[in-house]
Each structure stands twice: as structure tokens, then as C-alpha cells.
Amino acid sequence: MQIRELSIAGAWEFTPAQYGDPRGVFLESFQAGPVAELTGHRFTLAQVNTSVSAAGVIRGVHFADVPPGQAKYVTCASGAVLDVVVDLRTGSPTFGAYDAVLLDDADRKAVYLSEGLGHAFCSLQDGSTVTYLCSTAYNPAAEHGVHPMDPDLAIAWPTVGRDGAPLEFELSAKDQIAPSLAEAADRGILPRYGQVTAYLRGLADDD
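Note that the structure is a prediction, hence the values are computed from the model and not measured. Numbers given to residues run from 1 along each chain, matching the order in which its sequence is written. For a predicted model such as this one, the threshold for reporting local features is a pLDDT of at least 70, and the threshold for listing and counting side-chain atom pairs is 80 or more; totals across whole chains, interfaces and linings nevertheless cover every residue. Only heavy atoms go into the side-chain values, all of them from the structure, while hydrogens and water stay out.

Caption draft 1: Examining the UniProt feature "active site" (unreviewed entry) in the protein more closely. As annotated by UniProt and renumbered to match this structure, "active site" (unreviewed entry) occupies His 62 and Tyr 132. A compact arrangement is adopted by the annotated residues: their sequence extent is 71 residues, whereas the largest C-alpha distance between any two is 12.8 Å. Narrowing the list just given to those that line the largest cavity leaves His 62. Here a helix means four or more residues in a row that DSSP labels H or I, a strand means two or more in a row labelled E, and each is numbered from the N terminus. Position of His 62 among the secondary structure elements: in strand 6 (residues 58-64). You can see Tyr 132 is positioned in strand 12 (residues 128-134). Given a relative accessible area of 10%, Tyr 132 falls into the buried group. Not counting chain neighbours up to four residues away, the residues in contact with Tyr 132 comprise Gln 47, Val 48, Asn 49, Thr 50, Ser 51, Arg 59, Lys 72, Tyr 73, Val 74, His 119 and Phe 121. UniProt positions are given in the numbering used here, feature names are shortened, and annotations may be inferred rather than shown by experiment. Note on definitions: the grid is 1 Å and covers protein atoms alone; a cavity is a set of points where a 1.4 Å probe fits but cannot get out; a pocket is an open set with protein on both sides within 12 Å along at least five of seven lines; lining residues have an atom within 4 Å of a point. Working definition: with a 1.4 Å probe on protein chains only, accessible area under 20% of the residue-type maximum means buried, over 50% means exposed, and in between means partly exposed. Residues count as neighbours in contact if any of their non-hydrogen atoms are within 4.5 Å of one another.

The following block contains the structure:
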């Protein structure tokens, strides 16, 4: 498995080796060992989520309170999505910046994002199926969002799908009314870089 660190600290891209024959393809889509080596602590699997999205659907930018936060290991089993990691940690050197990875059913890459980071994606094909391995269970009271079209984030969302057709963006009702990055900062709901760093250090010490 090839591993590439993204420009946002705490996020990595994984490209698995694929073994094909006339029957199909086999690959190791997740390996706990490399993730633990990169993060300094074990990845505790608490919940697995799956979403199926039409072309143009944007989900996110979502994040959770730290502690405990929610680390995610994200793959696209079918279709294609542009997966986006956003640094929402106030005080971080890359606060407000993002990085993106194409996840699809060809290269079968995955993205790991640590606690405190924001996550979003845009579906590039009808039926794009995304699976998230999550370190904590869903907790509605601790879940938040930032508007994916916030000009301060300036995410370069794709304008055409996998088939070359123009995309018409579609957001959930909740994401449509999500605050901007500045509004979320003013409300004090964004993770704090120092607190996130200390929490992750504690996870490493526990191991």
C-alpha cells in the first residue's frame, strides 16, 4: 500500500495494491498497522457508515467536537467522488485550508482524516457509494458543519461529472444552512488546534 501525506497535517491518502485475474480484483482496503504508525495510536472502529449519492451531491463540511472527535477512513466502493479534507482547527498553521483526493472504483484510494478535521465530498457519478470507518459513534449533539460553498474556504468543487456532463450541486437542508467558517469561529464551535493536539497525544500515551 502506498501512502501519501496530504497538505493538511493529520490526513493521508492510501493507494492499495490491486490483484486482478479473470475472476475480478482483490485488494486490502484498510490496514490498521500503517494507520497506527502514522497517527501514533490505534484506530478504534466504533461505527461504519455508507452513503449513496447522485451526481452533484455535496456532503459536508462536517466535523465533531474534540474530545472525542471522530477520525474517519473513507473509501469509494462504487462510482467516484472528490473527497475534501478541511483544516477547521483554530490556531493551526493551515487553518481554513483544504486538500482533495479523487476516490473512485478504479484506483480505489482511501483517505484518513484525524480528529478535528472537516470532511466533505462531491459525487461525480450517480450511485457513488462511500464507506466511512469511524473512530466514534454518531453523536448528534457533538456534530457540526461549515457551509461547503463558503468563499473563505474557496473549495474548487468540480463542475463536470465522471461522464463529462455538467454537475448541478445538491446539498442537504442541514448543509444549506450551515454557518460560514467565520460564523462557526465566532460561535466557538470549531476545534482548537492546541486542544486537538493534546487529545491526540493522550491517545498515543494510552497505547
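Caption draft 2: The arrangement of the pairing of strand 12 in detail. Across the 7 residues of strand 12, 7 count as buried, placing the element largely inside the fold. In this description, strands pair whenever DSSP reports at least two bridges between them. Bridge analysis of strand 5 (residues 47-53) against strand 12 gives 7 bridges, and the strand direction is antiparallel. Along strand 12, the bridge assignment pairs Ser 51 with Val 130. Alignment of strand 7 (residues 72-78) against strand 12, held across 6 bridges, turns out to be antiparallel. Across the sheet, residue Lys 72 finds its bridge partner in strand 12, namely Cys 134.

Caption draft 3: How the structure looks around the side chain of Asp 99. Following the sequence through the fold, Asp 99 ends up in strand 9 (residues 98-104). The charge count treats Lys and Arg as positive and Asp and Glu as negative. His and the chain ends do not count. Salt bridge, as used here: a side-chain nitrogen of Lys or Arg that lies within 4 Å of a carboxyl oxygen of Asp or Glu. Nearest to the buried, unbridged Asp 99 among oppositely charged side chains is Arg 4, at 4.7 Å. At a separation of 2.9 Å, a polar atom in the side chain of Asp 99 contacts the main-chain amide nitrogen of Ser 7. Beyond its immediate chain neighbours, meaning those up to four positions away, Asp 99 contacts Leu 6, Ser 7, Ile 8, Asp 83, Val 84 and Val 85. Each polar contact in these results corresponds to two N or O atoms within 3.5 Å; when the atoms are within protein, one needs to be able to donate a hydrogen and the other to accept it, and residues that are neighboring in sequence are counted only if both atoms are side-chain atoms.

Caption draft 4: Geometry of the layout of surface pockets. Grid points are joined across faces, edges and corners, and a volume is the space filled by probe spheres set on the points. When its volume is computed, the largest pocket comes out at roughly 420 Å³. Forming the walls of the largest pocket are 19 residues, and the residues nearest its centre are Asn 49, His 62, Lys 72, Tyr 132 and Tyr 138. When residues of the lining of the largest pocket are traced back to their parent elements, those giving at least two are strand 5, strand 6, strand 11 (117-123), strand 13 (143-145) and helix 2 (173-176). Within the lining of the largest pocket, the residues separate by chemical class into 7 nonpolar, 7 polar and 5 charged. Polarity classes work like this: nonpolar for Ala, Val, Leu, Ile, Met, Phe, Trp, Tyr, Cys and Pro, charged for Asp, Glu, Lys and Arg, and polar for all others, with Gly in that last group.

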